[in-house]
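If you want the building blocks of each chain, they are given just below.
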Amino acid sequence: MFRIHLSPAQLSFTAVADETLLAAAGRAGIAVPAACRNGVCELCEARLIGGEALNTRNQHTIPVAGRLMMCRTLALSDLELEIDAVMAAGDNQPRKFQAKVMDVRSINHDVYRVELQLPRRRELSFHAGQYLSVNLPDTDPCYFSIASSPSAELVELHIQATPEWVSAQKVIDALTSGGEVTVELPHGRACIASAPEKPLLLVAAGTGFAQIKSLVDYLRETSYDKPVRFYWGVRRHEDMYLRSLAQRWQEEWPPFTFLPVVGDDEDNEWGGHHDQLVRTVLASGLDWNNVEVHASGSPTMVYTLMDALVEAGLPQKAFFSDVLEYAPRD
């Protein structure tokens, strides 16, 4: 087993002796551009900075500073590679696209699932857990988590829209199947560019589930086998709009545990339900020095959770949420 390090992205993965570097990177969830798998397209080209590697086409070792195609290279030792096409988490530059609206459908009393098709989809790179903006004329951009894996053909959104959620309702009203909409993506640094080295704790409130779905779909495509615990907090049972999907993950994916948290009390304010969610997470008995946390929900929920976990012993650098970026505390 050899360790492969990629710069400038500062990502690492392992490869066994008879496994191409491209296959090993894919197993770790690292998105290396590729189209042909036999070295013709040259999209997976990298430069060998250190170590010993073998070209499977001519069975020659590759000289240090030499170029290689990851799809036809085997590691003979630990390697240091340089490849500009692989991006670190959150380093993708946002771009605007005209997306085709493939489907808009209600999936519960106030949540809609939207599927978008982007042009040149294989050329677009984003990381699991990132988000996009929907840009309508004469209004501010509206931001939504991407609910699909980076490898999915269609980009999926979960949009909570009611007359009280004015901006989200405008988006839903503007989207029609077969129409087009301007989107900008990707945004966000609280994302995953390769399979984590620690067990994962995932926490969502309401439609924060969308970001969690992107992470889970992505991780299930990799060889990640460490424990994953998912807490989903909602006010009422009917707010858990894809509960059956989370239950299916638990049935089909051995590392995954789903723990729903339902307030089921219409008289309580949201803050009370956030406290209930945080108390349930704290009672999990996890080793806070050996876990990575990803939280998705309102700033109130996220900061309440972060403060409680840090006080319990979680290193703050192991806590990830988009809230820390778009709603920083003074």
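None of the values given here were measured: they were computed from a predicted structure.

Engineer: Please clarify how helix H2 (residues 166-174) should be interpreted in this entry.
Structural biologist: Think of an α-helix as turning once every 3.6 residues; residues three or four places apart then point the same way. Turning to H2, its buried residues number three or more, namely Ala-168, Gln-169, Val-171 and Ile-172. All buried residues of H2 fall inside an arc of 155 degrees around its axis, so they share one side. Taken together, the buried residues of H2 touch strand S9 (95-106), strand S10 (111-117), strand S11 (131-135), strand S12 (142-145) and strand S13 (155-160).

Engineer: What am I meant to see in the nonpolar core here?
Structural biologist: Soluble, globular proteins show a tendency: their nonpolar side chains are buried together. Counting 29 residues, the largest nonpolar core has Ile-4, Phe-13, Leu-21, Ile-30, Val-32, Met-70 and Leu-81 as the members making the most contacts within it. Mapped by element, the contributors of at least two residues to this core are strand S1 (2-7), strand S2 (11-15), helix H1 (21-27), strand S3 (45-50), strand S6 (67-69) and strand S8 (79-82). With four residues, H1 is the single largest residue contributor to this core. When neighbours within four sequence positions are excluded, Leu-21 is seen to be in contact with Ile-4, Phe-13, Ala-15, Leu-68, Met-70, Thr-73, Ala-75, Leu-79 and Leu-81.

Engineer: Is there a simple way to explain the UniProt feature "domain: FAD-binding FR-type" (unreviewed entry) in the protein in this structure?
Structural biologist: Under the present numbering, the feature "domain: FAD-binding FR-type" (unreviewed entry) in UniProt falls on residues 94-193. Strand forms 42% of residues 94-193 and helix 9%; the C-alpha atoms that close the span are 16 Å apart.

Engineer: Help me understand the sheet that holds strand S4 (residues 53-55) in this model?
Structural biologist: Consider a sheet: its strands pair through backbone hydrogen bonds, and that pairing is either parallel or antiparallel. Spatial ordering of the open sheet is given by S5-S4-S7, a layout of three strands whose pairing is antiparallel. The open sheet has two free edges, formed respectively by strand S5 (60-61) and strand S7 (73-75), since each of these has just one partner strand. Sheet topology places S4 next to S5; two bridges connect them, and they run antiparallel. From the neighbouring strand, Leu-54 faces S5, where its bridge partner is Thr-61.

Engineer: Can you walk me through the domain arrangement of the protein in this structure?
Structural biologist: By a widely used convention, the size of an interface equals the accessible area lost when the partners come together. If you check the domain split of the protein, you get domain 1 (2-82), domain 2 (95-187) and domain 3 (200-327). The gap between the C-alpha centroids of domain 1 and domain 3 is 35 Å.

Engineer: How should helix H3 (residues 209-220) be read in this particular structure?
Structural biologist: Taking 1.5 Å as the rise per residue, H3 with twelve residues should run 16 Å; its terminal C-alpha atoms sit 16 Å apart, in good agreement. Taken across its twelve residues, H3 has eleven buried, putting it largely inside the fold. Those residues of H3 that sit buried are Phe-209, Ala-210, Gln-211, Ile-212, Lys-213, Ser-214, Leu-215, Val-216, Asp-217, Tyr-218 and Leu-219.

Engineer: Any chance you could explain the side chain of Ser-194 here in plain terms?
Structural biologist: Here Ser-194 is to be found in the loop between strand S14 (180-187) and strand S15 (200-205). Given a relative accessible area of 16%, Ser-194 falls into the buried group. Not counting residues within four places of it along the chain, the set of residues in contact with Ser-194 comprises Leu-11, Ala-28, Gly-29, Ile-30 and Tyr-218.

Engineer: Sorry if this is basic, but what is going on with the pairing of S3 here?
Structural biologist: For a regular strand, side chains alternate in direction, first toward one face of the sheet and then toward the other. Inspection of the sheet shows S3 paired to S6 by three bridges, in the antiparallel sense. Residue pairing for S6: Glu-45 is matched across the bridge by Met-69. Pairing between S3 and S8: three bridges, direction antiparallel. Within the sheet, the bridge partner assigned to Gly-50 lies in S8 and is Glu-80.

Engineer: Help me out: how do you make sense of empty space enclosed by the protein in this one?
Structural biologist: Rolled over the atoms, a probe with the dimensions of a water molecule shows which regions are left empty. Tallying each qualifying case throughout the model produces two cavities of 30 Å³ or more. What lines the largest cavity is Leu-11, Ala-31, Ala-85, Val-86, Met-87, Ser-125, His-127 and Ala-193. Here the second largest cavity defines a volume of roughly 40 Å³. Ala-190, Gln-211, Ile-212, Leu-215, His-294, Ala-295, Phe-320, Ser-321 and Asp-322 are the residues that line the second largest cavity. Among the elements of the structure, H3 and strand S18 (292-296) are those that each provide at least two residues to the lining of the second largest cavity. Per-element tally for the lining of the second largest cavity: the top contributor is H3, with three residues. Here the residues of the lining of the second largest cavity sort into five nonpolar, three polar and one charged.

Engineer: Would you mind going over the confidence of the model for the protein with me for this structure?
Structural biologist: Fine structural detail should not be taken from predicted coordinates in areas where pLDDT scores are low. Chain-level pLDDT for the protein is 93 on average; 97% of the residues reach the 70-or-more range. Low confidence marks residues 267-271, where pLDDT is under 50. Its contacts with residues over four positions away, or in another chain, come to five contacts.

Engineer: Can you help me understand the environment of Leu-286 in this one?
Structural biologist: Structurally, Leu-286 is set in the loop between helix H5 (270-282) and S18. For Leu-286 and Leu-314, which are 28 residues apart along the polypeptide, the C-alpha to C-alpha distance reads 10.0 Å. Those residues in contact with Leu-286, other than ones at most four positions away along the chain, are Leu-201 and Arg-229.

Engineer: Just checking my understanding: could you explain the packing of H3 against helix H4 (residues 243-252) for this structure?
Structural biologist: Relative orientation and spacing of two packed helices are given, respectively, by the angle between their axes and the distance between those axes. Interhelical geometry of H3 versus H4 gives an angle of 25 degrees and a closest axis separation of 12 Å. Classified by the angle their axes make, H3 and H4 are roughly parallel. The element H3 and its partner H4 pack so that their crossing is left-handed. Counted together, Phe-209, Lys-213, Val-216, Asp-217 and Arg-220 of H3 and Leu-245, Ala-246, Trp-249 and Glu-252 of H4 form the full contact between these two elements. Taken together, the residues of the contact of H3 with H4 sort by class into five nonpolar, no polar and four charged.

Engineer: Teacher, can you tell me more about the side chain of Asp-103 here?
Structural biologist: Mapping Asp-103 onto the fold places it in strand S9. What makes Asp-103 buried here is its relative accessible area of 16%. Every residue in contact with Asp-103, bar those within four places of it in the chain, is listed here: Arg-113, Val-114, Glu-115 and Ser-177.

Rules behind the numbers
- Residues numbered from 1 in each chain as written.
- Predicted model: local features only at pLDDT ≥ 70, side-chain atom pairs only at ≥ 80, totals over all residues.
- Heavy atoms only, no water.
- Buried < 20%, exposed > 50% of the residue type's maximum accessible area, 1.4 Å probe, protein only.
- Helix = DSSP H or I, 4+ residues; strand = E, 2+ residues; numbered from the N terminus.
- Arc of directions from axis to C-beta.
- Contact = heavy atoms within 4.5 Å.
- Core = buried A, V, L, I, M, F, W, Y, C linked by side-chain atoms within 4.5 Å.
- UniProt positions renumbered as here; feature names shortened; annotations may be inferred.
- Pairing = 2+ DSSP bridges.
- Domains from an automatic or database assignment.
- Expected span 1.5 Å × (residues − 1).
- 1 Å grid on protein atoms, 1.4 Å probe; cavity = no way out; pocket = protein on both sides within 12 Å on 5 of 7 lines; lining within 4 Å.
- Points joined across faces, edges and corners; volume = space filled by probe spheres on them.
- Nonpolar A, V, L, I, M, F, W, Y, C, P; charged D, E, K, R; others polar.
- pLDDT = per-residue confidence, 0-100.
- Axes fitted to C-alpha atoms, helices over the stretch in contact; angles between N-to-C directions.
- Parallel < 35°, antiparallel > 145°, perpendicular 65-115°, else oblique.
- Left-handed = near helix turned anticlockwise from the far one by under 90°.

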